[in-house]
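Here is what each chain is made of, one letter per residue.
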Amino acid sequence: MKISIASYSFHGLLAEGKIDAFGYLESCKYRYGLDSADFWNGIIGTTDRDTIRKVRQAVEERELTVANYHVDGCHLWEDDPDARERNYRVALEHLEIAHLLGAKTVRYDTGGKLEPIPNEQFDYIVAKYQEYAQFAHDHGFKVGPENHWGLSLIADNMVNIAKAVDSPAYGILLHIGHWEDGDEPGGDRRLAPYTAHTHVDARTTRNCLEERMNILLEAGYEGYWGVEHHSTKNEYAEVAYQISEVKRVLQRKVWNSHNIESIESLQGKAGNPLLTLEQEGIG
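What counts, and at which threshold
- Residues numbered from 1 in each chain as written.
- Predicted model: local features only at pLDDT ≥ 70, side-chain atom pairs only at ≥ 80, totals over all residues.
- Heavy atoms only, no water.
- Helix = DSSP H or I, 4+ residues; strand = E, 2+ residues; numbered from the N terminus.
- Buried < 20%, exposed > 50% of the residue type's maximum accessible area, 1.4 Å probe, protein only.
- Contact = heavy atoms within 4.5 Å.
- Areas by Shrake-Rupley, 256 points an atom, 1.4 Å probe, with all protein chains shown as cover.
- Lys, Arg positive; Asp, Glu negative; His and termini not counted.
- Charge placed at Lys NZ, Arg CZ, Asp CG, Glu CD.
- Pairing = 2+ DSSP bridges.
- Axes fitted to C-alpha atoms, helices over the stretch in contact; angles between N-to-C directions.
- Core = buried A, V, L, I, M, F, W, Y, C linked by side-chain atoms within 4.5 Å.
- Right-handed = clockwise from strand over helix to strand, strands pointing away.
- Parallel < 35°, antiparallel > 145°, perpendicular 65-115°, else oblique.
- Left-handed = near helix turned anticlockwise from the far one by under 90°.
- Nonpolar A, V, L, I, M, F, W, Y, C, P; charged D, E, K, R; others polar.

### Quick look at the overall build of the protein chain
Part 1 of the reasoning: A tally of helices and strands in the protein chain yields twelve helices and eight strands.
Part 2 of the reasoning: Referenced to the eigenvectors of the C-alpha coordinate spread, the extents of the protein chain come out at roughly 80 × 40 × 35 Å.
Part 3 of the reasoning: Relative to its full complement of 283 residues, the protein chain shows a buried share of 49%.
Part 4 of the reasoning: Intrachain contacts of the protein chain at a sequence separation of at least 6 include 78% that bridge at least 24 residues.
Part 5 of the reasoning: In the form shown here, the protein chain has an accessible surface area of approximately 13,400 Å², with 48% of it arising from carbon and sulfur atoms.
Part 6 of the reasoning: In the protein chain, 29 side chains carry a positive charge and 45 a negative one; their mean positions are 3 Å apart.

### Let's talk about the sheet that holds strand β6 (residues 172-175)
Part 1 of the reasoning: Taken together, four strands build an open sheet; the order of strands is β1-β8-β7-β6 and the sheet is parallel. In the strand order of this sheet, the two ends are held by β1 (3-5) and β6, each with one partner. Looking at each pair of strands side by side, their axes are set apart by 30 degrees on average, direction ignored.
Part 2 of the reasoning: Strand direction decides the pairing type here: β1 and strand β8 (residues 225-227), joined by three bridges, are parallel. Residue pairing in the sheet places I3 in a bridge with W225 of β8.

### Concerning the nonpolar core
Part 1 of the reasoning: Judged by nonpolar contacts, the single largest core of 75 residues is most densely connected at Y24, F39, Y69 and Y108.
Part 2 of the reasoning: Apart from the residues lying within four places of it in its own chain, the contact partners of Y24 are I5, S7, F10, I19, A37, D38, F39 and I43.

### Let's talk about the pairing of strand β3 (residues 65-71)
Part 1 of the reasoning: Counting buried positions along β3 gives six out of seven residues, so the element sits mostly inside the fold.
Part 2 of the reasoning: Pairing geometry for strand β2 (residues 36-40) and β3, over five bridges, is parallel. If you follow D38 over to β3, its bridge partner there is N68.
Part 3 of the reasoning: Since β3 and strand β4 (residues 105-108) lie parallel, the crossover through helix α5 (residues 81-101) that links them has a hand, and here it is right-handed.

### Some points on the packing of helix α6 (residues 119-139) against helix α7 (residues 155-165)
To characterise two packed helices, one gives the angle between the axes of the helices and the distance between these axes.
Part 1 of the reasoning: Viewed as axis vectors pointing N to C, α6 and α7 meet at an angle of 50 degrees, and their least axial separation amounts to 9 Å. What the angle tells us is that α6 and α7 run oblique. Here α6 runs over α7; the crossing is right-handed. Contacts between α6 and α7 pair F122, I125, V126, Y129 and Q130 from the former with N160, I161, A164 and V165 from the latter.
Part 2 of the reasoning: Of the residues that constitute the contact of α6 with α7, the class distribution is seven nonpolar, two polar and no charged.

### Notes on the sheet that holds β2
Part 1 of the reasoning: Pairing is parallel in the open sheet, where four strands are placed in the order β2-β3-β4-β5. Sheet topology places β2 and β5 (142-144) at the edges, where each strand pairs with a single neighbour. Adjacent strand axes in the sheet meet at a mean angle of 10 degrees, parallel and antiparallel pairs treated alike.

### A short note on the environment of I5
Part 1 of the reasoning: Here I5 lies in strand β1.
Part 2 of the reasoning: A residue is classified by how much of its surface remains accessible, and I5, at 0% relative accessible area, is buried.
Part 3 of the reasoning: I5 sits 34 residues away from F39 along the chain, and the two C-alpha atoms are 8.3 Å apart.
Part 4 of the reasoning: Not counting residues up to four positions away in its chain, the partners in contact with I5 are F10, Y24, C28, Y32, L34, D38, V227, V239 and I243.

Put into structure tokens, the structure is as follows:
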């Protein structure tokens with residue numbers, strides 16, 4: 001199953017000095033039995049190339065895939081031109097780091113405010129994502145925004161950007177259900193065709209996981225399901241719970257895809273062979 005853990009899920013442990021990028025990889029491989037990593041740049045904590053190479057080596061030693069590299073601190077739009085230029089330079093550096101890590105998808109936030117995109121911002125954001133997508137295309141990965149904060153929380157904005165960028169190397173990191181314009185499943189449905197990676201938070205896991213996953217599955221989504229936890233408390237166990245629920249939904253899809261005989265046709269073949277189905281309370 002294609003499941004990953006957004007390393008931000010352990011930011012509470014990180015703040016306490018109890019985990020780092022290498023401990024995170026150990027957890028993915030041996031605590032949770034996954035075949036992937038889903039790096040937040042905060043858990044790596046540096047852009048030093050020697051450290052990045054060591055992280056890549058640790059990924060390869062554990063035979064993991066880097067499903068996503070989500071980068072904070074270099075979102076595209078800032079009102080101040082100097083801040084905008086600074087973020088652009090940092091973003092270019094992280095594109096190189098994503099390539100060194102072997103990431104399959106990369107996320108940069110749009111920035112901006114929670115409103116429809118003014119023309120100046122739209123043109124700038126589209127041009128930058130096109131530039132990043134060209135680098136991604138040339139190096140074998142996809143890049144795009146997450147509906148994370150600012151203007152990206154409006155589905156119309158995200159659809160309009162995706163259509164304008166119009167690149168095969170552009171893809172959304174869909175934070176499932178994280179919309180501020182009133183129609184959570186509708187936002188997921190509209191962005192599903194552009195989705196390259198996902199984050200599945202605890203609220204979605206507890207309340208509407210199967211419904212929301214089905215939206216993507218019905219749209220043909222084949223990427224990783226990136227479990228993300230936010231509470232900073234009991235993180236190992238909370239992440240385990242979320243993973244188990246994602247697995248349950250995916251396994252149910254597999255089960256339902258088989259031609260399972262009805263309970264009526266199993267009369268005398270299933271259950272306790274020494275009892276009738278009626279005695280077992282099944283009939």
